[in-house]
Each structure stands twice: as structure tokens, then as C-alpha cells.
2 protein chains.
Amino acid sequence: MHSFKFLSEKFELHFEKIHFPDEPSSLYKPAEYFIKLGGKRIRPVLCLMGNELFDEINADAWHTATAVELFHNFTLIHDDIMDKAPLRRGMPTVHTKFGDSSALLSGDVMFVFAYEYLNKINSAYLHKAIEVFNDTAKKVCEGQQLDMDYEKKDEVDLDGYLHMIELKTSVLLAASLKLGAILGGATQRNQDFLYNFGKNLGIAFQIQDDYLDAFGDPQKIGKQTGGDIKSNKKTFLLIHALETCSESQKKEINKLLNGNHDNKTEKILQIFRDCKADEWALQLKNKYLDEAFNDLEAVAVLSTRKEPLKELAQFLVQREY
Amino acid sequence: MHSFKFLSEKFELHFEKIHFPDEPSSLYKPAEYFIKLGGKRIRPVLCLMGNELFDEINADAWHTATAVELFHNFTLIHDDIMDKAPLRRGMPTVHTKFGDSSALLSGDVMFVFAYEYLNKINSAYLHKAIEVFNDTAKKVCEGQQLDMDYEKKDEVDLDGYLHMIELKTSVLLAASLKLGAILGGATQRNQDFLYNFGKNLGIAFQIQDDYLDAFGDPQKIGKQTGGDIKSNKKTFLLIHALETCSESQKKEINKLLNGNHDNKTEKILQIFRDCKADEWALQLKNKYLDEAFNDLEAVAVLSTRKEPLKELAQFLVQREY
């Protein structure tokens, strides 16, 4: 069994070797630029770990891990166009550097390369793996669409927000684990528990992400907090506050969101604290984390084989940065 | 054996039944809107014909024909964004009607649905079919990128333009035929000849398209001619004229392209005629059409089985509209 650190370094070495064709460089340079920006490579490592839970990591798991990471990068390139994001990992986004059309098209072609890696896997698993992959890809598109829809809505309820997060973020983590498990010969039951583990972990992760952006220690997380509040982003905290706080607090929040007020961030944070959205978020995070660990517990393999996944889950969700 | 008319009507009935999920409607309505705009459905019919050349049309060929048409529609949605095209088939383009982001994302999800149909085919052919499909998808992206690159260039040579047309237009026609053939159990040799038939036919078709836009009878083609000249589009005619006409004619063309001149279209058409670009284009079209028919001739099946493909080729390339 291998740790997240070991596998992510090994994957990075493997992924670094990916080169797109030289020509047309106006198509492939943007793709190459983006995958070289790096990232934590969590999804491919989840695929490798899901595979290693049942056997030694096989070649099919490497191909699929590569496909998953290419797919994830493709979605980020397109998301950045839609969100008009100037920066990604501290560097100019693809559309900022190469223009919208090249970003759109190099995203498209990266998606094809994902299927090319997927198509390298053993015939016995090909149908099933593509089915899971397609199903996930559709959900990720749906999640991004819901995210854009919700940003335009005045009110979004918690169930709707959870559903969007599940589609946009969680299902790809879950599917990465499941794909690794399928390729390791796991039973349907084990695949399902592992999938649910990934899904619950993903939601816990997003709750923490929202929490840290509001209440994290800027020194520890390496960036200024309050970014979500500044950009009026819908988060677990904001949605909960609007659902549970008093009418006057709600009015105050909406006033602060719809204007250019001094100390907007501090004032909204104070309301979050007053209606205990911070405590609630930590409890909700722990609820999903507990469910995730129950799911992992239910996977019928020797407990020692699960250690790397447990460590990764702790690392992802207990992290303070 | 079935005619193009019969198969295109049958495919249309089949394709009409495709429905995307109801929710999120902001994602799937644009996709549904676009595929309902219609089209000649040439590519899926080529897939069915490539299949019927070797046996009765099987279920796999229907799945693949659907995948090919969904892929084609996905590329059109994204191309329209990149080209900022207001209309497609006389109706507002997806991005005009639903916004750029929804057009981008509904194109992405349509691409996933293409792979979903492809994944329905028999395991024995799945690897090979996806390989051909991926290879083609990459080339189509490359072709679109080259097209955008060439539009910005002052000079493009004929070889470069032919290469772009091959990638952007021809390979998908060729691959549709080849996929049908693969699923009909064709030999590699027959697959290859059929692929080349489609490739040459595609180039002949594009030459004719460029020719008719300049010299066609507006009554017969149902639209005003000269659109390519008005929009300074690079075409076979323009590239040939710039390569072969005199220095003074070349200067005149460039002057006309780089300004807002009266009778620009008529003046450029006259230069095309003076340097015989019109005759040259018809000869070049016939050269590719002859090559296409030679390729079809070399496919080792009974000559009578090839009749529908011959008719379709004649219909596509001898057409006056």
C-alpha cells in the first residue's frame, strides 16, 4: 500500500510525460500550458488508491487515472472561460493567455485525449469504465450549469446547493475511486461503498473550503480570506445564514450583498457568527466525514489496506489550508 | 440496398426520438433546440451506407450513426461560438439564443452523449470504433484551429488550405463510412478504400461549395452568392487566384479585400474569371471526384451494392444548390 504523497509524486512523473502533438501549436500549446500548471492530482490518485485497495496497481488504473486528470483539466479550462476567471493556480488562465476560442477548442481536444487514454484499458472492463466515465462527465456538466444558474438566483436552498456540489465536485472524486475499484476487480457492493465514500468526502471537502474562505487563518491557508463574501458567492455559510437568521439579519445581509459597503466582509462574518453558521458548518462537515468513514469501513477488504485512503481523507478535510 | 433519401428519412425518424434529460433545462434545452434544427444528416447516413455495403444494417451501425451526428452537432455549436455566427440553418445559433456559457456547456454534454451511443456497440468492435472516433475528433479540432489560424494569415498556400479542409470536413465523412464498414465486418483493405473515398469526396464537395458561393445561380442554390468574397473568407478560388494571377491583379485583390469598395464582389469575380480560377476549380473538383470513384471501385464488394453511395456522391457534388 502506498501513501498519497508517494502516489501523487509518482503520478506527477507519469503525467509530466504527456505531450500533445506539436502541430497545430495554436491548439496544443494551450493544452500543454494548462496541464503543466500543476495541481494536487487528487482525482488520479484516488483512482490509483481505489485500484490498490484490491490488488497491485495495474496498467489500466494508470491509463484511467490519466483520463480522469485530463477530463478534470478540460472542465477547468472551460469553467474558467464561463466564469471569466483571470487566474488559475496563480497563473493566467488559458483563455486569458491564448484567447477564448483557443481555450474552448484546446479544452475540447483535451477531452478527446481523456477518451484516448480510457480506450487503452483492457476490453473486459472497457464498456463498464466508459459507462461510469460518461455518466460522471454528464453530471459534472450538469453541476457547472446549476452553479451558473444558482449564481443568478436570489435564493437557493440548502438541498439545491448540496445537489449542485455533489454533481460539480463530488461525483468525480467518487467515480475516480470507483473506476480504480472496477479495474481492480472489486465487487459491485465494494464499488458502491467506495463511491459513496468519495461522494461524502467531496461534500465535506467543499463545506470546509467554504468555511476556510470565511474563517480560515490567512497565514495557514496561504491566501486572503473573505474572497467568497467579496464576490457574493453562494456558499454553505451564506445559504444557511439566509435560511436560519432573523428577518433583520437577512435584510442586513441582502443590503450588504447588493451594494458597495465598507467592512462588508467583517459585517457579514459577524452575522455568520451571530447565527452560528460557523459552528453549523463544522458540524455538517463532520457529519459527511463520518458518513464517508462508515462507507469506507463497509468496504470488504482488510482494514490495513484502507489506511492510505483514511490518511488522504483526513489530510483533505482536516487540513487548515 | 437503400437510397440516401430512404436512409436519411429513416435516420431522421430515429434521431427525432433522442431526448436529453429534462433537468437542468438550462443545459439540455439548448442541446435539444440545436439537434431539432435539422440538417441533411449526411454523416450518419454514410455510416449506415458503409455498413450496408457489407451486410444488412445492424444495431451497432445505428448507435454509431447517432454518435457521429451528435458529435457533428457538438462541433457546430462550438464553431458557431468561435465564429460568432448569428444564424445556423436560418435560425439563431445556440449562443445567440441561450448565451455563450450555455452553448459551450451544452456542446460539451452533447459530446458526452455521442460517447454514450458509441458505448452501446458490441464489445468486439468497441476498442476499434472508439479509436477511429477519437482520431477523427482530434483531427476535426485541429482543422477548426487551422481554419481560425488561416483566417488571420495574409497568405495561405493551396496545400495548407487542402490540409485544413481535409481535417475540418473530410475526415468525418471518411470516418463515418469507415465506422459503418468496421461494424459490418469489412476487411482493413476495404475500410481503407472507403475511407479514402469519403476523404476525396469531402474535398470535392468543399471545392464545389466554394465555387457555388462565387459562381452559382442564386435561384438554384437558394441564397445570395458572393458571401465568401464579402466576408474575405479564404476559399479555393481566392487562394488559387493569389497564387497564379499577375502582380497587378494580386495588388487589386488585396486592395479590394482591405477596404470598403463599391462592387467589390463583381470586381473580384472578374479577376477570378480572368485568371481562370473558375475553370481550375471545376477541374480540381473533378480530379478529387474521380479519385473518390476510383477508391469506391476498389472496394471489394459486388458493384450493385455500391449504387447508393455512387448516387449520393453524384448528388452531393454535382448538385447546383
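Predicted model only: the values in this text are computed from it and were never measured. (Residues numbered from 1 in each chain as written. Chains lettered and ligands numbered in written order. Predicted model: local features only at pLDDT ≥ 70, side-chain atom pairs only at ≥ 80, totals over all residues.)

Taken together, the contacts link 31 residues of chain A with 31 residues of chain B. Going through the elements one at a time, α2 (25-35), α4 (59-83), α6 (100-118) and α7 (123-152) of chain A are the ones with two or more residues in the side of chain A that touches chain B. Sort the elements by how many residues they give to the side of chain A that touches chain B and α7(A) lands first, with 15 residues. Of the residues in the side of chain A that touches chain B, the class split is 16 nonpolar, nine polar and six charged. (Contact = placed C-beta atoms within 7 Å. Helix = DSSP H or I, 4+ residues; strand = E, 2+ residues; numbered from the N terminus. Nonpolar A, V, L, I, M, F, W, Y, C, P; charged D, E, K, R; others polar.)

Regions with low pLDDT should not have their predicted coordinates read in detail. Confidence along chain A averages 95 in pLDDT terms, with 99% of residues attaining 70 or more. Interface scoring of the predicted complex returns ipTM 0.96; its pTM is 0.96. (pLDDT = per-residue confidence, 0-100.)

The subject of this paragraph is the nonpolar core. In terms of nonpolar packing, the biggest core is built from 204 residues, with A:Ala114 and B:Ala114 touching the most fellow members. With sequence-adjacent residues up to four places away left out, A:Ala114 is seen in contact with A:Ala67, A:Leu70, A:Phe71 and A:Phe74. (Core = buried A, V, L, I, M, F, W, Y, C linked by C-beta atoms within 7 Å. Buried ≥ 20, exposed ≤ 12 C-beta atoms within 10 Å, placed from the backbone.)

On to the packing of α7(A) against helix α8 (residues 158-183) of chain A. Residues and elements named next belong to chain A. Close contact between α7 and α8 brings their axes to 8 Å; oriented N to C, the two are set at 165°. Compared by their axis directions, α7 and α8 come out roughly antiparallel. Of the two possible hands of crossing, α7 and α8 adopt the one that is left-handed. Within the contact of α7 with α8, the residues separate by chemical class into 16 nonpolar, four polar and six charged. (Axes fitted to C-alpha atoms, helices over the stretch in contact; angles between N-to-C directions. Parallel < 35°, antiparallel > 145°, perpendicular 65-115°, else oblique. Left-handed = near helix turned anticlockwise from the far one by under 90°.)

Mapping chain A onto chain B calls for a rotation angle of 180° and an axial translation of 0.0 Å; the resulting RMSD is 0.0 Å. The relationship between the two copies is best expressed as a two-fold rotation axis. The residues that chain A uses at the interface reappear at the interface of chain B in 100% of cases, marking a shared surface. (Least-squares fit on C-alpha atoms with pLDDT ≥ 70 in both.)

Moving on, we get to the domain arrangement of chain A. Residue and element names in this part refer to chain A. By domain assignment, chain A separates into domain 1 (7-186) and domain 2 (200-305). Look at where the C-alpha atoms of domain 1 and domain 2 centre, and you get two points 25 Å apart. Facing 16 residues of domain 1, the contacting portion of domain 2 comprises 13 residues. Contributions of two or more residues to the side of domain 1 that touches domain 2 are made by α7 and α8. Ranked by the residues each element gives to the side of domain 1 that touches domain 2, the list is headed by α8, at nine residues. Partitioned by chemical class, the residues of the side of domain 1 that touches domain 2 number ten nonpolar, two polar and four charged. (Domains from an automatic or database assignment.)

A few words now on helix α16 (residues 307-317) of chain A. Structurally, the α-helix is built with 3.6 residues per turn, so residues lying three or four positions apart point the same way. Residue and element names in this part refer to chain A. Residues of α16 that are buried: Pro308, Leu309, Leu312, Ala313 and Val317. With its buried residues spanning 145° around the axis, α16 presents them on a single face. With respect to the buried face of α16, the exposed residues turned more than 90 degrees away are Glu307 and Gln314. Buried residues along α16 sit against α1 (4-16), α3 (42-52), α9 (188-215) and α15 (277-298). (Arc of directions from axis to C-beta.)

Below, the discussion takes up the environment of B:His240. All names here are of chain B. Within the secondary structure, histidine 240 is located in helix α12 (residues 236-244). Judged by C-beta crowding, with 21 C-beta atoms within 10 Å, histidine 240 ranks as buried. Residues contacting histidine 240, with those up to four places away along its chain left out, are Leu158, Ala277 and Trp280.

On to α1(A), then. Residues and elements named next belong to chain A. With 13 residues, α1 extends 18 Å from end C-alpha to end C-alpha; this agrees with the ideal 18 Å at 1.5 Å per step. All buried positions along α1 are accounted for by Phe4, Leu7, Ser8, Phe11 and Phe15. The buried residues of α1 occupy an angular sector of 95° when the element is viewed end-on, so they sit on one face. Exposed side chains of α1 directed beyond 90 degrees from the buried face belong to Leu13 and Glu16. Taken together, the buried residues of α1 touch α3, α4 and α16. (Expected span 1.5 Å × (residues − 1).)

Residue and element names in this part refer to chain A. Mapping glycine 226 onto the fold places it in the loop between α10 (218-221) and α11 (227-230). Expressed as a C-alpha distance, the spacing of glycine 226 and leucine 312, which sit 86 residues apart in the sequence, is 26 Å. Beyond its immediate chain neighbours, meaning those up to four positions away, glycine 226 contacts Ala214 and Thr265.

Before going further, it helps to examine the packing of helix α4 (residues 59-83) of chain B against helix α6 (residues 100-118) of chain B. Residue and element names in this part refer to chain B. Viewed as axis vectors pointing N to C, α4 and α6 meet at an angle of 165°, and their least axial separation amounts to 8 Å. Judged by the angle between their axes, α4 and α6 are roughly antiparallel. Between α4 and α6 lies a crossing of left-handed hand. Across the interface between the two elements, His63, Thr64, Thr66, Ala67, Leu70, Phe71, Asn73, Phe74, Ile77, His78 and Ile81 of α4 pack against Asp100, Ala103, Leu104, Ser106, Gly107, Met110, Phe111, Phe113, Ala114, Tyr117 and Leu118 of α6. Class assignment for the residues of the contact of α4 with α6 results in 14 nonpolar, seven polar and one charged.

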